[in-house]
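# Coordinates in review
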Amino acid sequence: MSDAPADLTERIAVSAAWVPLVRAELHRVLVGQEDLIDRLFVALLTNGHILLEGVPGLAKTLMIRALAGTMEASFKRFQFTPDLLPADLLGTLIYNPGDGEFRPKLGPIFANLILADEINRSPAKVQSALLEAMQERQVTIGDTTYKLPDPFMVMATQNPIDQEGTYQLPEAQLDRFLLKVRVDYPTRDEERRILDLMGTSSANTSTNAIIHAEHVIASRALVNEVLISDPVKDYIVDIVHASRHAEEVLPELKNLVRCGASPRGTIALAQATRALAFLHGRAYVTPQDVKDLAYDVLRHRILVTYEAEAEGVTSVQIIERLLGKIVVP
């Protein structure tokens with residue numbers, strides 16, 4: 001930790017000056033959800049995507065729209081439905097009868113921040129088209145490939161309760177989400193404050209643009225400089241490796257894990273912890289940063305077996321057991 005450049009902490013403090021401003025603006029329309037706000041910042045700072053899962057009415061869409069409103073960046077919202085077509089997102093070629101040529105008409109996905117509402121309601125063709133955009137930051141229309149703007153971030157929501165008319169997201173696409181965050185019910189006190197804030201039909205849910213996308217891009221460069229010591233790197237690798245060999249770490253997990261996290265999970269956990277350290281004003285990552293983000297980085301990357309589902313064992317419980325077993329540096 002002491003190996004971090006002496007001036008890095010000061011540079012982080014200067015570069016992260018926008019974080020409390022955006023947080024304060026978000027709290028004009030949101031109550032609580034501090035951890036979720038941090039996760040949104042982490043995704044922004046790592047050029048990643050985030051998947052929010054929770055029952056309807058927990059302000060998932062409102063939070064994402066509010067974040068987009070605080071930035072001078074383009075924003076588009078898609079309501080995913082079973083009849084959605086790839087061209088509705090990406091664009092298509094339009095025939096011009098005047099000269100007999102086809103010309104591209106770029107779709108609304110060419111924006112900085114994309115809200116994919118109820119993403120699991122779209123069919124496989126749409127998921128496949130979105131996969132290229134999320135991973136490659138580009139879209140292919142006809143024979144031409146078009147780069148997406150920077151930053152480009154997909155913020156998706158899905159409902160875990162109503163599964164009628166939904167499609168399970170492919171594992172390959174789930175793996176492209178840096179984080180999968182469960183949104184829980186507010187506490188009683190928070191819900192009372194929500195009622196005071198939003199209890200009228202004229203409640204204001206819009207936020208003011210107070211930063212530019214360039215502020216986020218500049219902060220990313222410093223996030224990449226945040227130090228991860230060798231013991232913490234080993235700790236990250238140990239956690240991900242254990243997810244693939246869970247029964248070797250804990251014999252009681254035998255036949256419960258169908259597939260562990262890939263090396264992309266290792267990279268994602270390291271990137272996310274750097275961003276979290278940046279948000280806390282630190283120039284180095286701590287083991288607690290790794291613990292705090294392990295659930296959100298790995299919950300969708302660890303697949304459980306049918307035996308685990310029958311016993312009611314979830315990937316979160318497996319992560320909890322592994323973290324309790326692996327030695328913390």
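### Comments concerning helix α9 (residues 213-223)
- Listed as buried for α9 are A213, V216, S219, R220, L222 and V223. Projected down its long axis, α9 shows its buried positions confined to an angular sector of 165°, all on one face.
- Against α1 (8-15), α2 (18-26), α3 (34-45), β2 (71-72), β11 (211-212) and α12 (263-279) lie the buried residues of α9.

### A few points about α12
- For α12, with 17 residues, the first-to-last C-alpha span of 25 Å sits near the 24 Å given by 1.5 Å per residue.
- With 12 of 17 residues buried, α12 is to be regarded as a mostly interior element.
- For α12, the complete set of buried residues consists of G265, T266, A268, L269, A270, A272, T273, A275, L276, A277, F278 and L279.
- Trailing α12 by a residue or two, G281 shows a phi angle of about 80°, which is positive.

### Digging into the packing of aromatic side chains
- Summed over all chains, the structure comprises three aromatic pairs.
- For the pair W18 and F41, a centre-to-centre distance of 5.7 Å together with 85° between the ring planes defines the contact as edge-to-face. Placement of the pair is W18 in helix α2 and F41 in helix α3, with a sequence separation of 23 residues.
- Looking at W18, the relative accessible area reads 4%, which means it is buried.
- Residue classification places F41 among the buried positions, given a relative accessible area of 0%.

### Here's the deal with the pattern of salt bridges
- The full count for this structure, using the stated rule, is 17 salt bridges.
- Between E53 and R182 there is a salt bridge, with its nearest N and O atoms 3.3 Å apart. You can see E53 sitting in strand β1 (residues 50-53) and its partner R182 sitting in strand β10 (residues 179-182), a full 129 residues away along the chain.
- The exposure class of E53 is buried, given its relative accessible area of 10%.
- Of the charged contacts, one joins R220 and D150 as a salt bridge, the two residues approaching to 3.1 Å between their closest N and O atoms. Residue R220 is located in helix α9, and its partner D150 is located in the loop between β8 (144-147) and β9 (153-158); the two are separated by 70 residues in the primary sequence.
- Overlapping salt bridges bring together D7, R11 and E225 as one network.

### Focus: a nonpolar patch on the surface
- Judged by side-chain polarity, L93, Y95 and F102 come together as a nonpolar surface patch covering roughly 320 Å² of accessible area.
- Secondary-structure assignment places F102 in strand β5 (residues 101-106).

### Section: the packing of helix α13 (residues 287-298) against helix α15 (residues 315-325)
- At a minimum axis separation of 10 Å, α13 and α15 run at an interaxial angle of 145°. Crossing of α13 against α15: the hand is right-handed. For the pair α13 and α15, the contacting residues are K291, A294, Y295 and L298 in the first and V316, I319, E320 and L323 in the second.
- For the contact of α13 with α15, the residue count by class is six nonpolar, no polar and two charged.

What counts, and where the lines are drawn
- Residues numbered from 1 in each chain as written.
- Predicted model: local features only at pLDDT ≥ 70, side-chain atom pairs only at ≥ 80, totals over all residues.
- Heavy atoms only, no water.
- Buried < 20%, exposed > 50% of the residue type's maximum accessible area, 1.4 Å probe, protein only.
- Helix = DSSP H or I, 4+ residues; strand = E, 2+ residues; numbered from the N terminus.
- Arc of directions from axis to C-beta.
- Contact = heavy atoms within 4.5 Å.
- Expected span 1.5 Å × (residues − 1).
- Phe/Tyr/Trp six-rings, centres within 6.5 Å; stacked < 30°, edge-to-face > 60°.
- Salt bridge = Lys/Arg side-chain N within 4 Å of Asp/Glu carboxyl O.
- Patch = residues over 30% accessible without salt bridge, like charges linked within 9 Å, V, L, I, M, F, W, Y side chains within 5 Å.
- Areas by Shrake-Rupley, 256 points an atom, 1.4 Å probe, with all protein chains shown as cover.
- Axes fitted to C-alpha atoms, helices over the stretch in contact; angles between N-to-C directions.
- Left-handed = near helix turned anticlockwise from the far one by under 90°.
- Nonpolar A, V, L, I, M, F, W, Y, C, P; charged D, E, K, R; others polar.

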